[in-house]
Structures are given as C-alpha cells and as structure tokens.
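The residues making up each chain are set out below.
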Amino acid sequence: MESFIAFTIIGLSTGAIYALAASGLVLTYTTSGIFNLSHGATGMLSAFVYWQMRFDWGWPAPFALVITVFILCPLYGALVEKFLMRGLRDTSEVVRLSVTVALLVAAIGLANWVWPPGNYVAFQALFEGHAVDVFGYNLSWQKIITAGCAIAVAIGLRYLLFRTRAGVAMRAVVDDRSLLEINGGRPDRISMLAWAGSASLAGLAGILLAGEQQLNIVPLTLLVVNAYAAAIFGRLRSLPFTFLGAVILGLVDSYYVAYSGDSWFPRTVFGFDLTGLRGSVPTIALFVVLLVLPHTRLHAGALKLRERTKVPAWSTSLLGAALLVTATVAVSGMLARSDALYLVDAFFFAICALSLVPLTGYAGQMSLAPLTFAGLGAMLMAHLPGHGNVLTLVGAVLIVAVIGAVIALPALRVQGIYLALATGAFAIFTSNLIFSQGRAFPNAGLTVPTLGIPGLDLSTPRARLVELSVAYAILGLGVVALRRSRLGRRLIALKDSPIAAATLGVNLTLTKVVAFAISAGIAAFAGALFGASVTTDRFTFAAGLPVVLLAVVGGVGAVSGALFGGISLGANAVLANLVPSLRKATQVLPGLVGIGLGRDPDGVTAQIAPWYAPLKGRWRLIAGCVGAGVAVWALTSLSVLSHWQFGFTMITLTVAVVPNLPAVIDSPPGRRAVAAGWLAVPLVLSAVVDWDSVITSSGWLVAVLVAMVVVFGAGTRRILAGRPSKISESPDEVGLRRALLPTEVAQIDRTLGVVF
Amino acid sequence: MALLEVRSVAMRFRGVVALAGVDLDVAPGTITGLIGPNGAGKTTLFNVISGVQAPTAGTVSMASEVITNVSPHRRCKLGIARTFQRIELFNSLTALENVSVAAEVARRPHAQRVATELLERVGAGQLADQIAGNLSTGSARLVAVARALATQPKILLLDEPASGLDEHETRSFGALLRGLRTDGLTVLLVEHDMTLVMDVSDHIYVLDLGRVIASGSPSEVQHDRNVLAAYLGAA
C-alpha cells in the first residue's frame, strides 16, 4: 500500500509536468489555430539554457529560473509568433504544421551544435536533496514545486481566459480575428502574448522534466507527445480535461514503472516482447482517445489557400524521369563509394518524401510516419520468403499498403491535426514495440537483401544508386498518372472541400484509406529497395520529421518537390562530409529552410519552375543544353575535366546559364553580346581552373561556387534588364506596382482627413 | 406523394435551437422556395437534408425511404445534390474538372463531355479552363450548380444560387430553373432574391427562428401576416 501511495505521488508529479506542457499547447492552439509540434523542443532548449546558467556558469537557481522562464522563453515565443506564425495565415494545416516541425528540427540541431551529447555534467533537480516525508515516502521539493506550479497554472489560465480582457480577446482571436480588430482589439498582440505564455509553460515543464529525467535532447523534445496526448484528452479546448488527461498519463506511467517488474506482469504476449511498452503508453492513450472522440463534423468554408497544385504534363514528366535516370547513370561512375552511398540515402529519402505527394500534396492528409512505413517495408523484404526477389518486393509493398490502410482507419474519423498526431503516435508506437522486437530487427539492425533480378548485380553502391533512381522515376510517373486520373481528381476534391466532395457522392473514408494505402506502399518501396544493412534508428519518428519537412519545403504537391526534399537531405549530408567546419550548421539547416515556408507555401520547386518556363517549347535550345551537359560529362569521363571542374561546370550551366539563355537569345544584338559574354565567363572559369589545387579548403570551394552562380546568374538578368527607367511614377499606379511606404500612407491619410 | 419529406426535424447546438420541429414536403417536379430572415435555419435544414449534420430529432425521407442516418455520399447516390451558400468549389481544379469529378463519381459515361455540356447549359461554358479559385462569386455559383447537376439528382438543393449574379444573369438563371423543372427535376431553393423566388416557385415555405411560420403559393405567402412580421418586424 505504501508503494502504491508513493507511486501515486510520483505519478501525480509527472502528470503535473505533462499538464504544464499540455496547457501551453492548448493556449497557442486556441488562440492561433496552430498546433505547435515544437512545443517540446522549446522545453528542451530552455532546460539546456537553464543548465548552462545554473550548472555551467554557476548562477543561483532562482535567478537562472527567472531569466529562463520569465524572460528568454516569452521572448522566444513572441519572436516566433511575430516572424513565423503571423505569416501563416491563408496557408493549409499541412504548411502550418510543417513550420512547427521546422522549428523542432532546428531546435534539435541547435542543441546538438551548442551542447554536444555527453559534454555536460549532471542536471540536478530543484533543491536537490531536500524532501519531506509523506506516508513514509520522501517527497522531494521539486515534486512539490511541480504540483504547485501545475495547480497555479491551472487556476491562473482559467482566470486569464475567462476573467480578464486579455483572455476574452485571446478567445475572440480564434472565433473571428477580423471582427476583433474591427472592435478595437489587437489580435496580433494577443497572439504574441499567448505564444509568449505558452513558451514559458513549455520552458518550465522542460526544466522540471530534466530534473526528473536528466538532459537528453530527443526525449525532452518528445515530451510533446505526452503533452499532446493530454491535450487531445481535452480536445485541444478544455483545460480541465487536459489536466485530467495529463494526470491519468502520469499515473499510468508511474504504476507501469512500479508494477511492470512484478512476477504477475507479462514480459511477453504471444512471444511479443513488451519491453518498449512504457514509451508507448502516451501513444496508446492517444489512439484510445481518438477512438472515443466524436466524429469530426464536416465544415463548410473551403479556404482560398495560397498553395496551388498544378496538373503535371506528361511531356515534362517523361522528360524529367529520363533526365533523372540519365544524369544518375552519368554521375554514378564518377562518385567515390562514400559519395554514392550519400546519394543512395538521398534517393531513399526522396522515395519516402514521394509517398507524401498523393497523401499530403493531393489529398491534404498529413502523415508524420513515412519512415515507419519504409521501416516496415525493409523488415518485410528481409523476412518474407524469396530473399529479395521481385515477388518478395511486391509482397512487402502490398502488406505495408494494407497496414497503412488499417492503421489509418481509426484515425480517419478525425481530420487535420488529429490525423497528423495519430500518425505520429503510430510512428512512435512502431519504433518502441515493433522495431524493438529481436525477431524483427536482431540487435537493432538487419540486412535488407538487394533486389534479385536475374542477370543484374545490384549489390554495389553504384548499382543501388541507379536502381533507386529508376525506382524513383517509375514511382514518380505513377504518381503523375494518379494525379491525372479520376482518383487523383477525387483526392484533390477531398483536400479542397471535404463537405462538397461528400455531398457529390465521394466516399471520404474510402478515399482517405486508399490514399493512405498508396502512400504506405510507396514508402515501403524505399525500405524494401534499401539493399544493405540498416539500423532501427533510421526509421524513428524524429528521423522522419526532416523528410516530412523537406518534402513540404520542396513542394509536396509535386513529384519534383519530393525529389528536391530527398536530394536536399542527401546534399546536406554531403556538405557536412565535404566541409567539416559546416557539419554542425548542417544539423540546423533543414529546420532553417523549413522556417521560410510561411512565405512560399507552394514549396521551393514551385518557385524555381518559373526560371525554366521560358524554355517551354524551345526544343532545339533544350537539346543544346542537354548536349552541353553530355559534353561536359564526356570530357570528365575522358579525364579532361576533374570532378570539381565537372561539378562547377554542371552547376553553373544548370543554375546560372540555362535559365537565362532564352532571354539572352531574344534580346537586342548589342545587349545580347554583352550578356552572352558575361554568361560564358563562369563556364570557362569552371572548366579551366584547377579548382581543388587553387583552393584547398572544401568550404571555400563551395562558397566560390555559390558566389559564381549568384554573380553571373543575377548579373546577366541585370544586363538584360538595362538601366532602370527614371520615369516618374503615375499617381494611378501608386500602391499597385509596389507596396505603399508608411510615409505615403500617412500622406494619404492626411489628404483624406483620416485622423487616428 | 412528396419526393422529399421532412418530419419534426429539430437541431440544437448546445443551448441554441437552430431548428424546432420543422415539417416540409417537396413534391416531385416542382420548385419549392425556402425563405426566411438570416439565422432562420435554412442552411441548417439543408445540412440535415443532405446528411452533413444529423438532426437532434425528427426524420428525413426520400421517396418514402427514411434516410435520416444515411451518410452524405449515399444520399447523393439516392438522388440528393446540393450547392452551398459559401460555394465550396474545388479551388485547385478547373471549372471543367470540378464538374467532371461529380460526373465521374456518378459513373456517367463520357464524363468530360457531360461536364462541358452542363457548363454550357448553366451559361459558364467559357469558364471551363479557368481555375475555380480564381472565379468571381457569380461565376463560381454557376459552376457549382453545373457540378451538382452532374450527379444526375432527383432533387437539387440550391443555397442562395443567385447571390453574386447581376440582374441579367439572375433572369437567365430563373429560366434555367424553369427548364430544369420542365425536364422533371425537383428543386428546393433557398434564396434572398424575392423576385426570383416568387417568379419560379410553385410552393414556398417560410422559416423563422427554426420554425415554419407559413407555407403556400407565392401569392399566399406574400400576404401572410406572420411573414410580414418576420421580415418587417410588424404584426
């Protein structure tokens, strides 16, 4: 009985931490409509900052606590709201979630950069060593403080939201932002206040949790999983139910620790090892809550989103697929084994990202588990009979597709953020309980057999690289065919207006299940075709987030966007290897790239595509450019050009020269000659200079390459544009050609007699 | 016998009563108007009939078959199609694709040709290749009507279809509705343009505060004291 009471107290304390974190999530969701997946990362960062002040610099605990929780955290929250979240209006839930994923990825990278694992002394709980006796149990001061904080926050938030003007305004922001503004409210300031408060709560929870569990980047970041299970308990609205959910989770966790060692507690069920069950408790709880949540009601009000999904043309798609395979074959011969392996990884990520195109890009359903399905594909490829022949591959893909559909079913009753969270929970559950099984991944790893095709040896890195590029090209064309099909149009209909789709006879559940099955099947290809030794840490929830993020950054509505996402991740690894001094920065890079999504929700490829639009229909010019590329490759194969010269020439040709060629050709003769001469300079320099002899540092080589692309690419456009005309602006065009300056707005107000 | 029967339908959102025991019959091959001030419950009644919302009480029947608990997509297959007050086009698709999707789901052969013909019929043929998200409100409403027609409905629920149309377009739209009636289609029309409603409707129901306060022919409704009170605030 004493141990029961003791573990109940521990559970209540843990639940109090979850409650603190969950209430912060609810606060930002109810005031800005954005579910902050980086909430745990904020807690993790603040725990590290507190550790830095308290234990590394030796500052007094109260001082470090106040600086972290009441100054730095609110400042961070306010800045995130002002510079990131405010720009996410009129974007889809996918983009909004992705920006928070970007913050999470950047925060993990930053923590790894500043506080490398294993380089810090122990984190001590608040008032370590001080305790009071409760029913024979030594209750630490930290636990008492935690419970006190949770109660104070519960009462404080309730009072803030329902008894203060700021609280009422916070709730009004969600209901109708513009109406609040018309009535004299300041929604931006209110949102900023909410984000600042939420960051404080995350910071406090992170510090308290670090006192219980020590500093550890990923577990502290994934605190958000426990917190969102609690928040979902309150349906992201009700603070009392959120607190109740947090307490239940804390108690279940505590009792599990207390009694899982007892003889009556099963270690295995039907041979299934339950070791990873503890970490899965929140995810199981989340699924249970999702099952009992009422069915999400269909809402009218299709958003006029800033994103646009274009129908891919067959000609462009076939050309792109052919170019991809050809370029991969051409380049693969020049690569060192390690570089080829990086590119294999890049295509692995690209296929995983491609799996999100039908599901997220077309159907608008968010999944945070593409790598989990890839992991299942790898596992089945290794264990199914046939040892990697084509039938094994087909079997693995079909089984994972069915798993994807079955897993999706309970989550399909809900929409949007709930669905995304359910897939995240599935990813964590599978990592903890399926991939941890010794039979599935002996010693946390296994060897995925290479695809057995008679007459072909696909075991070398080069062969695997070409194999994966062919797989990407075929799967990509399949996705293009899907978009152009009836099912593709239904998927778009589902994304644009579920309510209209339903009333036109579209079976929403069936359509979503099919989308999930297709997505899971494509991801399974990535794992099944991996063809080498692989460890389970490649398929974790945290490892999958950058893939989801960069797929959205690339443009998740397009096959090229998924390729961009995968190649970017591969290129990031290459950059880290090539320029060791940038290795730490590359950990933050994917997150930083993703943070810019708010400005361009269509993704990078949609921004880049217009550069090449002038080439459309100019087949002779396209053939000339491809011919130039082939010539560069041939010269490299004949050892006339070095690999660095090849890289420089191809990149300047593709990024700086080709997009400018149509404009150069069409410009007046005099200007054409100057522009053509300017464009020829980087090509000649790239091909002639013996780069790695002139510049020995890889970092400077990369910097020079970037500078050349910018100077000569942008410079050509400037030459073609000529001098800017100094014709005075027509009054009719003020405010149309460019945004009005604040001084002009003030002048107009004065002229109109508008007085504030 | 009525094609659509609504019996004692009630709808409550927590404390708010949106519908309080509505009875309504729509005869086949007729245009039935459903009018009432803002907040009367017209769109909520459309949601209940089309299956988007389940009523708190009451039943909905289509051709004598009770469909109260039938999902929206199955109701569509039973012959109920609707448009929305907020239009709800698929904004990423072209106008033609919007209509094609509906024709394809209804398994109509030559869906694209059907879609083109329907766009022509509603007077939006020239918009076929335009992205729906870029259409003006009036044009988008016409595409929405074509899209609903592509499901080959027995009854068409139109929620403020003339909102955003100019006078000429509204007259053309009235002619379209009469043409659809001649073809045997049944229409339930929610509209604030009283000229249009009175012009095309065979029968009108007036809803106020979730209750039917009057019903009858257009001329009967126009002179009903309850209707005048609801609209003008006079007894």
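Residues numbered from 1 in each chain as written. Chains lettered and ligands numbered in written order. Predicted model: local features only at pLDDT ≥ 70, side-chain atom pairs only at ≥ 80, totals over all residues. Heavy atoms only, no water.

**Details of the overall build of chain A**
Part 1: Counting secondary structure elements, chain A contains 33 helices and six strands.
Part 2: Over its C-alpha atoms chain A spans a radius of gyration of 28 Å, differing by no more than 12% from the 27 Å that the globule rule assigns to 756 residues.
Part 3: Considering only C-alpha atoms, chain A reaches an extent of 90 × 80 × 65 Å along its principal axes.
Part 4: Taking all 756 residues of chain A together, the buried fraction comes to 49%.
Part 5: Across chain A, contacts joining residues at least 24 apart in sequence account for 78% of those joining residues at least 6 apart.
Part 6: Looking at chain A as shown, the accessible area adds up to about 33,500 Å², and 67% of this sits on carbon and sulfur atoms. (Helix = DSSP H or I, 4+ residues; strand = E, 2+ residues; numbered from the N terminus. Rg over C-alpha atoms; globule rule 2.2 N^0.38 Å. Buried < 20%, exposed > 50% of the residue type's maximum accessible area, 1.4 Å probe, protein only. Contact = heavy atoms within 4.5 Å. Areas by Shrake-Rupley, 256 points an atom, 1.4 Å probe, with all protein chains shown as cover.)

**Re the packing of aromatic side chains**
Residue and element names in this part refer to chain A.
Part 1: This structure, assessed with the given rule, holds 14 aromatic pairs over all chains.
Part 2: Measuring from ring centre to ring centre gives 5.2 Å for Phe-435 and Phe-441, while their planes differ by 70 degrees; the resulting arrangement is edge-to-face.
Part 3: A ring pair is formed by Trp-678 and Phe-712, whose centres lie 4.7 Å apart and whose planes are at 40 degrees; its orientation type is tilted. Residue Trp-678 is found in helix α30 (residues 669–688), and its partner Phe-712 is found in helix α32 (residues 698–721); the two are separated by 34 residues along the sequence.
Part 4: Put simply, the rings of Phe-348, Phe-349, Phe-435, Phe-441, Phe-530 and Phe-539 touch in pairs and so form one group of aromatic residues.
Part 5: Positioned above the aromatic ring of Phe-83 is the side chain of Lys-82, whose terminal nitrogen or guanidinium carbon lies 5.8 Å from the ring centre.
Part 6: The side chain of Arg-464 reaches across the aromatic face of Phe-530, ending 5.3 Å from its centre. (Phe/Tyr/Trp six-rings, centres within 6.5 Å; stacked < 30°, edge-to-face > 60°. Lys NZ or Arg CZ within 6 Å of the ring centre and 35° of its normal.)

**A word on the sheet that holds strand β10 (residues 211–216) of chain B**
All names here are of chain B.
Part 1: Across the sheet, which stays open at both edges, the six strands sit in the order β6-β7-β8-β3-β9-β10 with mixed pairing between neighbours. Both outer strands of the open sheet, β6 (80–82) and β10, are each paired with one neighbouring strand and no more. Each neighbouring strand pair of the sheet contributes to a mean axis angle of 20 degrees, computed without reference to strand direction.
Part 2: The sheet contact formed by strand β3 (residues 31–35) and strand β9 (residues 203–208) spans four bridges and is parallel. Bridge pairing in β9 links Ile-35 to Val-206.
Part 3: Each of β3, β6, β7 (155–159), β8 (186–190) and β9 touches helix α1 (residues 42–50); the most contacted strand, β7, lies at about 150 degrees to it. (Pairing = 2+ DSSP bridges. Axes fitted to C-alpha atoms, helices over the stretch in contact; angles between N-to-C directions.)

**Some thoughts on the interface of chain B and chain A**
Part 1: With 32 residues of chain B at the interface, the matching set in chain A holds 29 residues.
Part 2: If you look at where chain B meets chain A, you find one salt bridge.
Part 3: For Glu-104 of chain B, the salt bridge is made with Arg-489 of chain A, and the minimal N-O distance between the two is 2.6 Å.
Part 4: The interface formed by chain B and chain A contains seven residue pairs in polar contact (both at pLDDT 80 or more).
Part 5: For the side of chain B that touches chain A, the elements supplying multiple residues, two or more each, are α2 (72–78), β6, α3 (95–105) and α5 (137–149) of chain B.
Part 6: It is α3 of chain B that provides the largest number of residues to the side of chain B that touches chain A, a total of five residues.
Part 7: Tallied by class, the residues present in the side of chain B that touches chain A amount to 16 nonpolar, eight polar and eight charged. (Salt bridge = Lys/Arg side-chain N within 4 Å of Asp/Glu carboxyl O. Polar contact = N/O pair within 3.5 Å; in protein donor to acceptor, adjacent residues only side chain to side chain. Nonpolar A, V, L, I, M, F, W, Y, C, P; charged D, E, K, R; others polar.)

**Remarks on the domain arrangement of chain B**
All names here are of chain B.
Part 1: Assigned domains of chain B: these are domain 1 (1–79 + 154–235) and domain 2 (86–152).
Part 2: With 17 residues of domain 1 in contact, the opposing surface of domain 2 contributes twelve residues.
Part 3: The contact between domain 1 and domain 2 buries some 1,100 Å² in all, and 67% of this surface belongs to carbon and sulfur atoms.
Part 4: Here domain 1 is connected to domain 2 by one salt bridge. (Domains from an automatic or database assignment. Buried area = accessible area lost by both parts, 1.4 Å probe.)

**Quick word on the confidence of the model for chain B**
Part 1: Taken residue by residue, chain B gives an average pLDDT of 90. The fraction at 70 or more is 98%.
Part 2: Both scores are given for the predicted complex: the pTM is 0.81, the ipTM 0.91. (pLDDT = per-residue confidence, 0-100.)

**A word on the sheet that holds strand β4 (residues 57–62) of chain B**
All names here are of chain B.
Part 1: On the basis of which strands lie adjacent, the open sheet formed by four strands has the order β2-β1-β4-β5 and antiparallel pairing. Across the chains shown, the open sheet's two edge strands, defined by having one partner strand only, are β2 (16–26) and β5 (65–66).
Part 2: Taken strand by strand, α1 contacts β1 (4–13), β2 and β4, and its axis lies near 115 degrees from that of β1.

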